[in-house]
Amino acid sequence: MTRTVLCFGDSNTHGQIPGRGPLERYRREQRWAGVLEGQLGPGWQVIEEGLSGRTTVHDDPIEGALKNGRTYLRPCLQSHAPLDLIIIMLGTNDLKRRFNMPPSEVAMGIGCLVHDIRELSPGPAGHDPEIMIVAPPPMLDDLREWESIFSGAQEKSRRLALEFEIMADSLEAHFFDAGTVCRCSPADGFHIDEQAHRQLGEALAQEVLAIGWPDA
């Protein structure tokens, strides 16, 4: 029996190298989803669905509607179903100045995605899959050339973990705070480097195995 995990996120799931462009990414085995698969071992398949600039539920007025995670999620789930576990790590792009979102409403966007997953029930035999909400690591104070785009986001990013945990608890979803095991790179202040990818992937593997999967 193979269990399938879908990692749904933004550029930090895509594996964008800090300080580089969106097409410059770490190799599969360096990215946290690849590390996760390696740590889980045989019997697990980990699917990456990371897009630079992806938001939880917002069309981006500059980068386009394709950045809306909610719009893409349903066909994504249907494409990869059946899924045993869906890991969602989003929220950083919702903090861009253009969206003017408080952390509590970013968490509400995450909640919308959880509701959509359960409405579709893309788990084995049409059941609900396990869902894990991951709060991204907080931004650093120095965002370099991205400061104007994320103006005011640094403080908000430090409050995401609490809001996400509250949302996860209310929806009976699993929760993990990435900021407890890794930090953003000083190269740009909001992307994670190779070491952080490894730290996150290893930590998430322990969280996934701790869910308590029934025997095949």
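None of the values given here were measured: they were computed from a predicted structure. Residue positions are given per chain, counted from 1 along the sequence in the order it is written. In keeping with the predicted nature of the model, local features appear solely for residues at pLDDT of at least 70, side-chain atom pairs appear and are counted solely at 80 or more, and the whole-chain, interface and lining totals rest on all residues. Think of the side-chain values as coming from all heavy atoms in the structure, minus any hydrogens and water.

A. How the structure looks around the sheet that holds strand β1 (residues 3–9). Paired strands are those between which DSSP finds at least two bridges. Starting at the N terminus, helices and strands are each numbered in turn, a helix being any DSSP run of H or I of at least four residues and a strand any DSSP run of E of at least two. Spatial strand order, β2-β1-β3-β4-β5: five strands in an open sheet with parallel pairing. Bordering the open sheet on either side are β2 (44–50) and β5 (174–177), each of which pairs with just one other strand. Averaged over all neighbouring strand pairs, the angle between strand axes comes to 20°, with direction disregarded. Pairing analysis gives four bridges linking strand β4 (residues 130–135) to β5, with the strands arranged parallel. Note on geometry: axes are lines fitted to C-alpha atoms, helical ones only across the stretch in contact, with angles between N-to-C directions running from 0 to 180 degrees.

B. Region of the structure containing the UniProt feature "domain: SGNH hydrolase-type esterase" (unreviewed entry) in the chain. With numbering matched to this structure, UniProt assigns "domain: SGNH hydrolase-type esterase" (unreviewed entry) to residues 7–198. In residues 7–198, the share of helix is 34% and the share of strand is 13%. The end C-alpha atoms are 15 Å apart. UniProt positions are given in the numbering used here, feature names are shortened, and annotations may be inferred rather than shown by experiment.

C. Up close: the environment of Leu40. With respect to the helices and strands, the residue Leu40 is situated in helix α2 (residues 32–40). For the pair formed by Leu40 and Gln206, sequence separation is 166 residues and the distance between their alpha carbons is 8.4 Å.

D. Representation of the layout of surface pockets in the model. Residues are called lining when one of their atoms sits within 4 Å of a cavity or pocket point, these points coming from a 1 Å grid over the protein atoms alone, where a cavity is a set in which a 1.4 Å probe fits but cannot get out and a pocket is an open set with protein on both sides within 12 Å along at least five of seven lines. Grid points are joined across faces, edges and corners, and a volume is the space filled by probe spheres set on the points. Counted as a void, the largest pocket has a volume near 160 Å³. Gln16, Ser52, Glu63, Lys96 and Trp146 are the residues nearest the centre of the largest pocket, which is lined by 15 residues in total. Note on residue categories: nonpolar means Ala, Val, Leu, Ile, Met, Phe, Trp, Tyr, Cys or Pro, charged means Asp, Glu, Lys or Arg, and polar means any other residue, Gly included. In the lining of the largest pocket, the residues fall into four nonpolar, seven polar and four charged.

E. The environment of Arg54, seen in detail. By the secondary structure assignment, Arg54 is in the loop between β2 and α3 (69–80). Expressed as a C-alpha distance, the spacing of Arg54 and Lys156, which sit 102 residues apart in the sequence, is 18 Å. Any two residues whose heavy atoms approach within 4.5 Å are treated as being in contact. Those residues within four positions of Arg54 in sequence are excluded, and the remaining contacts are Phe8, Gly9, Asp10, Glu49, Lys67, Gly69, Tyr72, Leu90 and Asn93. Of note is the side chain of Arg54, whose polar atom sits 2.9 Å from the backbone oxygen of Gly9. Among the polar contacts listed, one links the side chain of Arg54 to the backbone oxygen of Glu49, at a separation of 2.8 Å. Under the rule applied, a polar contact is a pair of N or O atoms within 3.5 Å (in protein, one hydrogen donor and one hydrogen acceptor; residues adjacent in sequence only if both atoms are side-chain atoms).

F. Molecular detail of the packing of aromatic side chains. Classification of ring pairs rests on two measures: the distance between centres of Phe, Tyr or Trp rings, Trp counted by its six-membered ring, which must be within 6.5 Å, and the angle between planes, read as stacked under 30 degrees, edge-to-face over 60 and tilted in between. In total, this model carries five aromatic pairs according to the counting rule given. Here Phe8 and Tyr72 contribute two aromatic rings whose centre-to-centre distance is 6.4 Å and whose plane-to-plane angle is 10°, an arrangement assigned as stacked. One end of the pair, Phe8, is in strand β1; the other, Tyr72, is in helix α3, with 64 residues separating them in the sequence. Where Phe150 meets Phe190, the ring centres are 5.0 Å apart and the plane angle is 50°; that geometry is what we call tilted. Within this pair, whereas Phe150 is found in the loop between β4 and α5 (153–157), its partner Phe190 is found in the loop between β5 and α7 (194–209), the two being separated by 40 residues in sequence. Each member of the pair Phe150 and Phe190 is classed as buried. Note on classification: 1.4 Å probe, protein chains only; a residue is buried when its accessible area is under 20% of the maximum for its type, exposed when over 50%, partly exposed between these limits.

G. Representation of the pattern of salt bridges within the structure. Salt bridges, as used here, are contacts in which a Lys or Arg side-chain nitrogen is within 4 Å of a carboxyl oxygen on Asp or Glu. Scanning all chains against the criterion turns up 14 salt bridges. The partner of Glu155 in a salt bridge is Arg158, with the nearest N and O atoms 3.2 Å apart. Looking at Glu155, the relative accessible area reads 42%, which means it is partly exposed. Within this structure, Asp60, Glu63, Lys67, Lys96 and Arg98 form a network of salt bridges that share partners.

H. Layout of the environment of Arg198. Relative to the elements of secondary structure, Arg198 occurs in helix α7. You can call Arg198 partly exposed: its relative accessible area is 37%.

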